[in-house]
Amino acid sequence: MSGCLSIVGLGPFASELITPLAAETLAATTDLVGYAPYLARVPERAGQRRHASDNREELARARQALELAASGKSVAVVSSGDPGVFAMASAVFEAMETGKPTFKDIEVTVVPGVSAMLAAAARAGAPLGHDFCAISLSDNLKPWDVVLKRLEAAAAADFVIVLYNPASKARPWQLGEAFRVIARHRAPSTPVIFAHAVSQSDERIEIMTLAEADPAKADMRTLIILGSSATRILSRDGRSAFVYTPRHAELVEP
Ligand code: SAH
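Residues numbered from 1 in each chain as written. Predicted model: local features only at pLDDT ≥ 70, side-chain atom pairs only at ≥ 80, totals over all residues. Heavy atoms only, no water.

1. What to know about the overall build of the chain
When you go through the chain residue by residue, the secondary structure sums to seven helices and 13 strands. The C-alpha radius of gyration computed for the chain amounts to 20 Å, which stays within 12% of the reference 18 Å derived for 254 residues, consistent with globular compactness. A principal-axis box enclosing the C-alpha atoms of the chain has dimensions of 60 × 40 × 35 Å. Burial status across the chain gives 46% buried among its 254 residues. Sequence-distant contacts in the chain: of pairs separated by 6 or more residues, those separated by 24 or more amount to 68%. Only carbon and sulfur atoms are counted for the fraction: they give 54% of the accessible area of the chain, which is about 13,000 Å². Of the charged side chains in the chain, 26 are positive and 28 negative, and the gap between their average positions amounts to 3 Å. (Helix = DSSP H or I, 4+ residues; strand = E, 2+ residues; numbered from the N terminus. Rg over C-alpha atoms; globule rule 2.2 N^0.38 Å. Buried < 20%, exposed > 50% of the residue type's maximum accessible area, 1.4 Å probe, protein only. Contact = heavy atoms within 4.5 Å. Areas by Shrake-Rupley, 256 points an atom, 1.4 Å probe, with all protein chains shown as cover. Lys, Arg positive; Asp, Glu negative; His and termini not counted. Charge placed at Lys NZ, Arg CZ, Asp CG, Glu CD.)

2. Brief notes about the site of the ligand
Taken together, 20 residues form the shell around the ligand, and within it Val85, Ser115, Ala116, Met220 and Thr222 come nearest. Val198 places a main-chain nitrogen or oxygen 2.9 Å from a nitrogen atom of the ligand. Burial of the ligand by the surrounding chains reaches 92%, relative to a free accessible area of 550 Å². Its residues placed into classes, the shell around the ligand shows twelve nonpolar, six polar and two charged. (Near = heavy atom within 4 Å. Polar contact = N/O pair within 3.5 Å; in protein donor to acceptor, adjacent residues only side chain to side chain. Nonpolar A, V, L, I, M, F, W, Y, C, P; charged D, E, K, R; others polar.)

3. Thoughts on helix 1 (residues 20–27)
All buried positions along helix 1 are accounted for by Ala22, Thr25 and Leu26. What you see down the axis of helix 1 is that its buried residues fit within an arc of 100 degrees, all on one side. In helix 1, the exposed residues that point more than 90 degrees away from the buried face are Pro20 and Glu24. Looking at the buried side of helix 1, the elements it contacts are strand 1 (4–9), strand 2 (31–35), strand 4 (74–79) and strand 5 (107–111). (Arc of directions from axis to C-beta.)

4. Re unusual backbone geometry
Located in the positive-phi region is Asn165, a residue other than glycine, with phi close to 50 degrees. Summarising the element assignment, Asn165 is placed in the loop between strand 8 (160–164) and helix 7 (174–183). Although it is not a glycine, Ser199 sits at a positive phi angle of roughly 70 degrees. If you trace the backbone, Ser199 turns up in the loop between strand 9 (191–196) and strand 10 (204–209). According to the relative accessible area criterion, Ser199 is buried, its value standing at 13%.

5. Some thoughts on the environment of Val114
With respect to the helices, strands and loops of the structure, Val114 is situated in the loop between strand 5 and helix 5 (116–124). The exposure class of Val114 is partly exposed, given its relative accessible area of 23%. Residues Val114 and Phe13, 101 residues apart in the sequence, show an inter-C-alpha distance of 9.4 Å.

6. Here we look at the pairing of strand 2
Of all five residues in strand 2, four are buried; the element is thus mostly enclosed. Bridge count for strand 2 against strand 3 (residues 49–53) is five bridges, and the pairing is parallel. Across the sheet, Val33 pairs through a bridge with His51, a residue of strand 3. Across three bridges, the pairing between strand 2 and strand 4 is parallel. Across the sheet, residue Leu32 finds its bridge partner in strand 4, namely Ala76. (Pairing = 2+ DSSP bridges.)

7. Describing the pattern of salt bridges
This structure, assessed with the given rule, holds eight salt bridges. Here Glu44 makes a salt bridge to Arg50, at a shortest N to O gap of 3.8 Å. Judged by relative accessible area, Glu44 falls into the exposed class, the value being 68%. What makes Arg50 partly exposed here is its relative accessible area of 28%. Between Arg184 and Glu152 there is a salt bridge, with the nearest N and O atoms lying 2.9 Å from each other. Placement of Arg184 in the loop between helix 7 and strand 9 and of Glu152 in helix 6 (residues 144–156) is noted, with a sequence separation of 32 residues between them. A relative accessible area of 59% places Arg184 in the exposed class. Residues joined in a network through salt bridges with shared partners are Arg204, Glu206 and Lys217. (Salt bridge = Lys/Arg side-chain N within 4 Å of Asp/Glu carboxyl O.)

This is the structure in structure tokens:
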């Protein structure tokens, strides 16, 4: 008897940024699986079971969720932001592909959420208004050389670059190196956004230039957006600035 499994995005933090579909899906499940701080964002419901786990145990958590669903439960795996962006949805599909054959009979649904880059971009203006790419700076799941290669290519191609996982206590130097690689292709006046704890009580959105950007200011609750050569800072007297990337692009020679 197979149950069902939903992989649900909770958005960046604030409850208003959880979609109605995500809220409905969470309310309709018997079992919730996820990293403890994410589970804490889901309203308690009588009779619902919670299975909290460590953040580094993605595949184990995915298998646990599939086992519960295979035993007939209606399960939701929760993820911050969007579950398909550097998050649990891929881990669930990998566990499905490499696990028990019965896992493939489970009805699986991915419920999208507001990814941190969308929430951060909205706070700052419209930095993602033209071509962009997102790169995770974490080298826990890929070699640092791969990160460098992708940064170099993205910077040379003049994409707006979103950096997820820019820094943590265990990864203090990677962001400085990323800025140095990007600075070989971008002007010192390139706009940079540090978006810290978007939609939380200690939210801080800082707009600066690449020359001013201080890697030490980022932590694991920060998302960074670096502009392309077309991205502009729109300053306003007495009001906070906006950052936007125009809808048209010119050819920029490297
Ligand atoms: N699936 C998530 C991303 C998980 S990776 C999403 O779609 O948003 C975790 C990284 O996301 C963090 O290190 C940080 O860079 C970023 N992030 C997540 N929530 C954030 C928030 N509220 N404010 C700023 N950055 C956030």
